Amino acid sequence: MPETASSPASTTASPEAEIMAALGPRSIVLVGMMGAGKSTIGRRLSARLRLPFLDADTEIEAAAGMSIPDIFETHGEPHFRDGEARVIARLLDSGPAVIATGGGAFMREETRSRIRDKAVSIWLKADADIIMKRVKRRADRPLLQTADPAATVGRLIEEREPVYQRADITIWSRDVPHEKIVDECIEALHARLCGHAENEASNTLSATP
Ligand code: S3P
């Protein structure tokens, strides 16, 4: 017998579909310290939302035709930061996408204000131990080529957290399966964009930009 009425399930949009409808042309931008998982989580979040994934560091390297350590060594950090701001501005204009930014990008006011206008931002917050454990695996972060990388990470966390805190959403990045962190991003995006504040997880918070 043909069905005459839709079942409730077929009329209820998924949280992902509701997020996409509410997002419009805006992107989702991940900010936070090196090793917080911005690229790993960003890639998985983009797959869940069926959005392109863009990694700002990779795009900067492609635009410069050289690696980030080489840009720092040849041209210095201020040159890298200018290029980073330009690349992120371009990526924001090509939205919607999920964009992972380098750890220093959100520190620049001009970039923060572009992100505020054209995206929803998520701070992936990680504690120093987790960051150290993850960044030890790679030696390609020029800022950590210091005598005491743990002290450098501690100093950067102190300087940067008050600024990262201005992101729209905060999610604790910790040693749990990646899909759990992605689920929390989806829940928090849904709460923020679709007005289901009662679903907001206790480990997320909205901050005034
Ligand atoms: C930086 C973080 C790096 C990269 C560059 C500078 C920073 O990106 O942009 O080495 O200032 O924290 P990740 O956060 O993706 O490691």
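Cut-offs and rules
- Residues numbered from 1 in each chain as written.
- Predicted model: local features only at pLDDT ≥ 70, side-chain atom pairs only at ≥ 80, totals over all residues.
- Heavy atoms only, no water.
- Helix = DSSP H or I, 4+ residues; strand = E, 2+ residues; numbered from the N terminus.
- Contact = heavy atoms within 4.5 Å.
- pLDDT = per-residue confidence, 0-100.
- Buried < 20%, exposed > 50% of the residue type's maximum accessible area, 1.4 Å probe, protein only.
- Pairing = 2+ DSSP bridges.
- Polar contact = N/O pair within 3.5 Å; in protein donor to acceptor, adjacent residues only side chain to side chain.
- Core = buried A, V, L, I, M, F, W, Y, C linked by side-chain atoms within 4.5 Å.
- Near = heavy atom within 4 Å.
- Areas by Shrake-Rupley, 256 points an atom, 1.4 Å probe, with all protein chains shown as cover.
- 1 Å grid on protein atoms, 1.4 Å probe; cavity = no way out; pocket = protein on both sides within 12 Å on 5 of 7 lines; lining within 4 Å.
- Points joined across faces, edges and corners; volume = space filled by probe spheres on them.
- Nonpolar A, V, L, I, M, F, W, Y, C, P; charged D, E, K, R; others polar.

With that settled, consider the overall build of the protein. From N to C terminus, the protein includes ten helices and five strands. Here the contacts in the protein between residues at least 6 apart in sequence split such that 75% fall between residues at least 24 apart.

The predicted model of the protein averages 90 in pLDDT, with 88% of residues at 70 or higher. Low pLDDT (under 50) marks residues 205-209, which in the prediction has 15 contacts with non-local residues, meaning those over four places away or in another chain.

Glancing now at the pairing of strand 1 (residues 27-31). Within strand 1, five of the five residues are buried, which leaves it mostly tucked inside the rest of the structure. Of the two faces of strand 1, the one lined by S27, V29 and V31 and the one lined by I28 and L30 are each fully buried. Where strand 1 meets strand 4 (residues 119-125), five bridges bridge the pair, whose relative direction is parallel. Each residue of the ladder has a partner; that of L30, found in strand 4, is I122. Pairing of strand 1 with strand 3 (residues 98-100) involves three bridges; the strand directions are parallel. Its bridge partner lying in strand 3, V29 is registered against I99.

Turning our eyes to something else, we now look at the environment of R134. Looking at the element boundaries, R134 is found in helix 8 (residues 128-135). Sequence separation of R134 and G35 is 99 residues, and the distance between their C-alpha atoms is 5.4 Å. What R134 contacts, discounting residues up to four positions off in sequence, is G35, A36, G37, S173, R174 and D175. Of note is the side chain of R134, whose polar atom sits 3.3 Å from the side chain of S173.

With 58 residues, the main nonpolar core has I28, L45, L49, I122, L124, I171 and L189 as its most contacted residues. Not counting residues up to four positions away in its chain, the partners in contact with L49 are E16, I19, M20, I28, I186 and L189.

Around the ligand, the surrounding shell holds 13 residues, and the nearest of these are K38, D57, R81, G103 and R160. Note that an oxygen atom of the ligand is positioned 2.6 Å from one of the side-chain N or O atoms of K38. A distance of 2.7 Å is found between an oxygen atom of the ligand and a side-chain nitrogen or oxygen belonging to D57. Protein coverage of the free-state accessible area of the ligand, which is 390 Å², stands at 95%.

Another aspect to go through is empty space enclosed by the protein. For the structure shown, the criterion picks out two cavities of 30 Å³ or more. Each pocket or cavity is described by its volume, and for the second largest cavity that value is around 30 Å³. What lines the second largest cavity is simply M33, A36, W123, L124, K125, A126, I131, I157, E161 and Y164. Those elements that provide at least two residues to the lining of the second largest cavity are strand 4 and helix 9 (149-164). In the lining of the second largest cavity, the residues fall into eight nonpolar, no polar and two charged.

We now examine the layout of surface pockets. By volume, the largest pocket amounts to about 870 Å³. If you go around the largest pocket, you meet 40 residues; those closest to its centre are G35, S39, D57, R138 and R141. Those elements that provide at least two residues to the lining of the largest pocket are helix 3 (38-49), helix 4 (56-64), helix 5 (68-75), helix 6 (77-93), helix 8 and helix 10 (178-194). For the lining of the largest pocket, the element with the most residues is helix 3, which contributes five residues.

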